Amino acid sequence: MPADPLLRAWLWLIFLSFGSTLVSLWPWPPALAALAGGLVLGLAWLKARVILSRYLGLCDAPAWRRGFGISLALFCLLLLGLYLAPALA
Amino acid sequence: MSDESVLDELPGDLMIWVLIVSELLVFGAGLAAFLAVRITDPAGFAEAQDALHRTGAGVNTVVLVTSGALAAWALRLRESARRGAARLALVVAAALGVVFLWIKGAEYAAKAAQSITWDTHPFFTFYYLLTGFHAAHVVAGVLVLLLVAWKDAPRNIEAGAAFWHMVDLVWVLLFPVIYLLR
């Protein structure tokens, strides 16, 4: 991996974007739809964290980075719950 | 006693963070509402989603995160007094924003050709509202990037790039929910 944190962040974002597209295109059996949804939202959370940390510079403000990370994780869990609600009903 | 506050740790201007959080809340509410309405008709939402062009949206993700990287590089270049290179990075970042809009326009044109409008299905109501509102932010972001390339004080570039990163941040949450969650 390159030493430049900005270049590394960009490469991570490209890798994670391809990862989430591949997960969504994979023919998951219906029983594993929850896992696929969780993976897609988990990758989205990771991408958001990279943007906040490196593009927006929160890597130099750890308390704020942690706060944004936790808030976004809770939001992604809410989205996952809403996504899974029809299967659980 | 120190006047240092936790707010001082935030990079850049406080108001740009207020804007970023406000936009995240607005789009977050939209995405949550989208998935809440989906509960009433998951099969219909899945069928409607199949009309979307996932590859085009995936390419747009790469375009936008690359543009974001260029905007972040521009600030670093300007801070090391490389004004020409910083301006070039901002103009290329703005050009990638135009590429994003062009791909988005092609996507909308394809929907129009299929006679798919915002009232075809609730899925498309949310699709047009959320992606259209985001595209409006991209238009604003392109103009902001060009403005700060012209008026290239480091403080201006930092604020302009932060706005662009907010547009990027919204997209990385919007893209999986609208296009990928099946």
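What you see is a predicted model; the values in this text were computed from it and never measured.

Participant: Outline the overall build of chain B, supporting the account with residue identities and numerical values.
Facilitator: Along the backbone of chain B there are six helices and zero strands. Scanning chain B from its N terminus toward the C terminus, one meets helices and strands in the order α-α-α-α-α-α. The buried share of chain B, taken over its 182 residues, is 51%. Partitioning the intrachain contacts of chain B with sequence separation of at least 6 by distance along the chain shows that 79% fall at a separation of at least 24. Mean positive and mean negative side-chain charge positions of chain B (12 and 15 charges, respectively) differ by 10 Å.

Participant: Can you explain the overall build of chain A? Please cite residues and give values.
Facilitator: A tally of helices and strands in chain A yields three helices and zero strands. Starting at the N terminus and ending at the C terminus, chain A contains elements arranged as α-α-α. Buried residues in chain A amount to 40% of all 89 residues. In chain A, the proportion of contacts linking residues at least 24 apart, taken out of those at least 6 apart, comes to 58%. Carbon and sulfur atoms make up 76% of the accessible area of chain A, which totals about 4600 Å².

Participant: Describe in detail empty space enclosed by the protein, supporting the description with residues and values.
Facilitator: Residues and elements named next belong to chain B. A full pass over the atoms with the stated rule returns one cavity of 30 Å³ or more. The calculated volume of the largest cavity comes to roughly 60 Å³. What lines the largest cavity is simply Phe34, Leu35, Arg38, Pro42, Phe45, Ala46, Gln49, Phe123, Val177, Leu181 and Arg182. Classifying every residue of the lining of the largest cavity by side-chain character gives eight nonpolar, one polar and two charged.

Participant: How would you summarise the environment of Leu88 of chain A if you had to cite specific residues and measurements?
Facilitator: Residue and element names in this part refer to chain A. Tracing the backbone through its elements, the reader meets Leu88 in helix H3 (residues 62-88). Residue class for Leu88 comes out exposed when judged on its relative accessible area of 70%. When the C-alpha positions of Leu88 and Pro27 are compared, they lie 21 Å apart, and in sequence the two are 61 residues distant.

Participant: Requested: an account of the packing of helix H3 (residues 54-79) of chain B against helix H6 (residues 154-180) of chain B, with residues and values cited.
Facilitator: All names here are of chain B. Two elements in contact, H3 and H6, have axes separated by 9 Å at closest approach and are oriented at 160 degrees. When the axes of H3 and H6 are compared, the pair comes out roughly antiparallel. Crossing geometry of H3 relative to H6 is assigned as left-handed. Split by residue class, the contact of H3 with H6 holds 17 nonpolar, six polar and four charged.

Participant: How would you sum up the packing of aromatic side chains? Please name residues and give values.
Facilitator: Residues and elements named next belong to chain B. Here the structure, examined in full by the defined rule, presents 19 aromatic pairs over all chains. For the pair Phe123 and Phe124, a centre-to-centre distance of 5.2 Å together with 85 degrees between the ring planes defines the contact as edge-to-face. Side by side, Phe123 and Phe124 carry an identical accessibility label, which is buried. Taking the centre distance of 4.9 Å and the plane angle of 65 degrees together, the rings of Tyr127 and Tyr128 count as edge-to-face. Within the aromatic cluster, the residues linked to one another by ring pairs are Phe34, Phe45, Phe100, Tyr108, Phe123, Phe124, Phe126, Tyr127, Tyr128, Trp171, Phe175 and Tyr179. Against the face of Trp150 rests Lys151, its NZ or CZ located 4.5 Å from the ring centre.

What counts and how
- Residues numbered from 1 in each chain as written.
- Chains lettered and ligands numbered in written order.
- Predicted model: local features only at pLDDT ≥ 70, side-chain atom pairs only at ≥ 80, totals over all residues.
- Heavy atoms only, no water.
- Helix = DSSP H or I, 4+ residues; strand = E, 2+ residues; numbered from the N terminus.
- Buried < 20%, exposed > 50% of the residue type's maximum accessible area, 1.4 Å probe, protein only.
- Contact = heavy atoms within 4.5 Å.
- Lys, Arg positive; Asp, Glu negative; His and termini not counted.
- Charge placed at Lys NZ, Arg CZ, Asp CG, Glu CD.
- Areas by Shrake-Rupley, 256 points an atom, 1.4 Å probe, with all protein chains shown as cover.
- 1 Å grid on protein atoms, 1.4 Å probe; cavity = no way out; pocket = protein on both sides within 12 Å on 5 of 7 lines; lining within 4 Å.
- Points joined across faces, edges and corners; volume = space filled by probe spheres on them.
- Nonpolar A, V, L, I, M, F, W, Y, C, P; charged D, E, K, R; others polar.
- Axes fitted to C-alpha atoms, helices over the stretch in contact; angles between N-to-C directions.
- Parallel < 35°, antiparallel > 145°, perpendicular 65-115°, else oblique.
- Left-handed = near helix turned anticlockwise from the far one by under 90°.
- Phe/Tyr/Trp six-rings, centres within 6.5 Å; stacked < 30°, edge-to-face > 60°.
- Lys NZ or Arg CZ within 6 Å of the ring centre and 35° of its normal.

Function cannot be inferred from these measures alone, as they are strictly geometric.
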